[in-house]
Amino acid sequence: MSAPVSVFPRLEPRLPSVSKPIQYVGGELNSTVKDWDCAPEGETVRWALMYPDAYEVGLPNQGVQILYEVLNERDWIVAERTYSVWPDMEKVMRAGDEQGSIPQFTVDAHRPVRAFDVFGLSFSTELGYTNMLNALDLAGIPLHAADRTEDDPIVLAGGHAAFNPEPIADFLDAAVLGDGEEVVLAISEVVRDWKGEGRPGGRDELLRRLAVSGNIYVPRFYDVVYAEDGTIEAVVPNRPGIPFRVRKHTLMDLDAWPYPAKPLVPLAETVHERFSVEIFRGCTRGCRFCQAGMITRPVRERSIGTIADMVENGIRKSGFEEVGLLSLSSADHTEIGEVAKGLADRYEGTNVSLSLPSTRVDAFNITLANEFSRNGRRSGLTFAPEGGSERMRRVINKMVTEEDLIRTVATAYSHGWRQVKLYFMVGLPTETDEDVLQVAELAKKVIAKGREVSGRNDIRCTVSIGGFVPKPHTPFQWAAQLDHETTDERLKKLRDTVRDDKRFGRAIGFRYHDGKPGTIEGLLSRGDRRVGRIIEAVWRDGGRFDGWSEHFSYDRWVTAAEQALDGTGVDLAWYTTREREYDEVLPWDHLDSGLDKDWLWADWEDALAAADGADIEVEDCRWTPCYDCGVCPEMGTEIQIGPTGQTLLPLSVV
Ligand code: SF4
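Residues numbered from 1 in each chain as written. Predicted model: local features only at pLDDT ≥ 70, side-chain atom pairs only at ≥ 80, totals over all residues. Heavy atoms only, no water.

S.K.: Sorry, what's going on with the environment of L138 here?
M.R.: Tracing the backbone shows L138 in helix α5 (residues 129–139). With 131 residues separating them in the primary sequence, L138 and V7 have C-alpha atoms 13 Å apart. Here L138 is in contact with V85, E90, M93, R94, I102, P103 and Q104, once residues within four sequence places are set aside. (Helix = DSSP H or I, 4+ residues; strand = E, 2+ residues; numbered from the N terminus. Contact = heavy atoms within 4.5 Å.)

This is the structure we're talking about:
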């Protein structure tokens, strides 16, 4: 194929008319532009990678940055990035010029997305689905996989939402579950071989080759059979050689994959402007609401030597002044104390500061507080008790006691922090108003303790509340989601209780969103293929950027759901506020996260027993015997943790 023409000359004259035009320009430090034909004839494999949100959210995404780099390191692969364009730019692109509309383009070389072999999208949230449809349409790629031709790329989904891609199954050619580093290369090889052989059997054969590997899901090769009551009777392969279940990928040696090594430095303002190093992957704390923890098991730590090298290299290559030590629960790294002290020593007196984006309430300690504030900068501290009452925290298996929390915040306030943020969820299974009102009591105690230990009156605490959405592959996958009306009533009662308090009310900030987006996220999280019609109708009605409150329209989703599900016997409430039974076939049962379904069910029953007062705690299998969640034997993996005993030498100041 001859190299596609850059759309930039057509774009450039129009940039002054759109907001934040710099986001469409590319050329960031550490970005890569390769020749379209970087390998011998027919052997170049080309990926367009998309984080389906605006540049300011998408650029810092670690997953996309890692894959971009891993792919571009191969001399036979071209990988470029594309992001969702804002509505003003969409208008400009659709209006186009004398050559017609301007297609969805990559920011690296402004090549049309449709010209690539693979269009890979990484979904952190299901609310990005309408943005995918918009990108496909702008790219000139048929929305439905069934309508695509040899000239269209393979549309591939990854990221956490891909663990149930059924709502977008009709729009996808394939999906991958789990860690992407190795599988993107495996996919590239299949594509290269197929192209090199002259594309035998066309698109269908390429997809077959991917599907028979057993770890790439090709929805078109599975039929969904529905029962009369609207539930799923079975999901079965519809041709020989296609596996009944598709397995997730697990990267077992994080030290061998120290990416990103060349972090992208954005030109426009983005949500995070720091260099993040993932210090471990996976979490076995066993919080029952947490899909990320469940689907990324087991825990695999990066050694402190590699962490140190990555930090030093990343700072040199990017110039970022903040380093985030990233993971699902960073303070749980077996050598976090040594990592923090070593890095603080190394960068003392420089302009480099350290931050720990997520901190468990019971793992934070004085050493960390000291180390992270050593360079004089105090990044925000967020603790996530998640449940307001002790009872709720037992239900969700987040065994943080009130004492733990108060002790931890006392440490923070006595070490100079004036403000902490506490994160909670509302709408958890078995929750009552009383459980939620306990959040206010807890916040008041936090302020009182902060005033006591610091001797100051300007102590603040921000309470941030999110609505709970039951997610696939978790023990709460069977739970009824709380309707948005009750969610909002509970939030209002809590807000009023906080505001009405004369002693503490003004010291407590309160951040929350209404429950409506959560209901739609719930629909998309646990939906099946019938939900695809709703997504398409919403997009056709103008739905874009559903993760942004200013763009989200609940009414649009409700209307689309009513129309799209008419005659199916199921509706929005059926997908969201309905509790599922043990023997119901769930839309994602054929997608294997490694978790044993019976273990998940037993854990769900334990949650209900805990709600009634049973003293059941699932401990962390890093420090207690394996409790047979199923992942390690199913995936052939094992927990990888330190301590390694390594040090962070050399301690030269950078
Ligand atoms: S199989 Fe055992 S050791 Fe592995 S993650 Fe599950 S509980 Fe932990």
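Back to the write-up after that little detour.
S.K.: Explain the packing of helix α17 (residues 531–540) against helix α18 (residues 554–564) to me, please; I cannot follow it from the model alone.
M.R.: Two packed helices can be described by the angle between their axes and the distance between those axes. With their axes 8 Å apart at the nearest point, α17 and α18 run at an angle of 130° to one another. It follows that α17 is oblique to α18 by the angle criterion. Here α17 and α18 pass one another in a crossing that is right-handed. Contacts between α17 and α18 pair R533, I534, I535, A537 and V538 from the former with R556, W557, A560, A561 and A564 from the latter. Across the contact of α17 with α18, the residue classes break down as 8 nonpolar, no polar and 2 charged. (Axes fitted to C-alpha atoms, helices over the stretch in contact; angles between N-to-C directions. Parallel < 35°, antiparallel > 145°, perpendicular 65-115°, else oblique. Left-handed = near helix turned anticlockwise from the far one by under 90°. Nonpolar A, V, L, I, M, F, W, Y, C, P; charged D, E, K, R; others polar.)

S.K.: Help me understand the sheet that holds strand β14 (residues 382–386) in this model?
M.R.: Strand-to-strand pairing in sheets goes through backbone hydrogen bonds, with the strands running parallel or antiparallel. The strand order across the open sheet built from 4 strands is β14-β15-β16-β17, with neighbouring strands paired in parallel fashion. Each end of this open sheet is capped by a strand with a single partner; those strands are β14 and β17 (508–512). For this sheet, the mean inter-axis angle between neighbouring strands, taken without regard to orientation, is 20°. Across 5 bridges, the pairing between strand β16 (residues 460–467) and β17 is parallel. Bridge pairing in β17 links S464 to R511. Each of β15 (419–426), β16 and β17 touches helix α14 (residues 433–454); the most contacted strand, β16, lies at about 160° to it. (Pairing = 2+ DSSP bridges.)

S.K.: Sorry, what's going on with the site of the ligand here?
M.R.: The local shell around the ligand consists of T284, C621, C626, Y627, D628, C629, G630, V631, C632, P633 and I639. Looking at the shell around the ligand, its residues break down into 8 nonpolar, 2 polar and 1 charged. (Near = heavy atom within 4 Å.)

S.K.: Is there a simple way to explain the packing of aromatic side chains in this structure?
M.R.: One pass over the full model with this rule turns up 16 aromatic pairs. Here the aromatic rings of W36 and F116 are separated by 5.1 Å at their centres, their planes lie at 85°, and the arrangement is edge-to-face. Of this pair, W36 sits in the loop between α1 (8–11) and β1 (45–51) while F116 sits in the loop between α4 (87–95) and β3 (118–122), placing them 80 residues apart in sequence. Each member of the pair, W36 as well as F116, is classed as buried. With centroids separated by 5.0 Å and ring planes inclined at 90°, the aromatic side chains of W574 and Y575 adopt a geometry described as edge-to-face. Here W574 falls in the buried class, since its relative accessible area comes to 15%. The side chain of R81 reaches across the aromatic face of Y68, ending 5.0 Å from its centre. The ring of W76 carries the charged tip of R192 above its face, separated from the ring centre by 3.9 Å. (Phe/Tyr/Trp six-rings, centres within 6.5 Å; stacked < 30°, edge-to-face > 60°. Buried < 20%, exposed > 50% of the residue type's maximum accessible area, 1.4 Å probe, protein only. Lys NZ or Arg CZ within 6 Å of the ring centre and 35° of its normal.)

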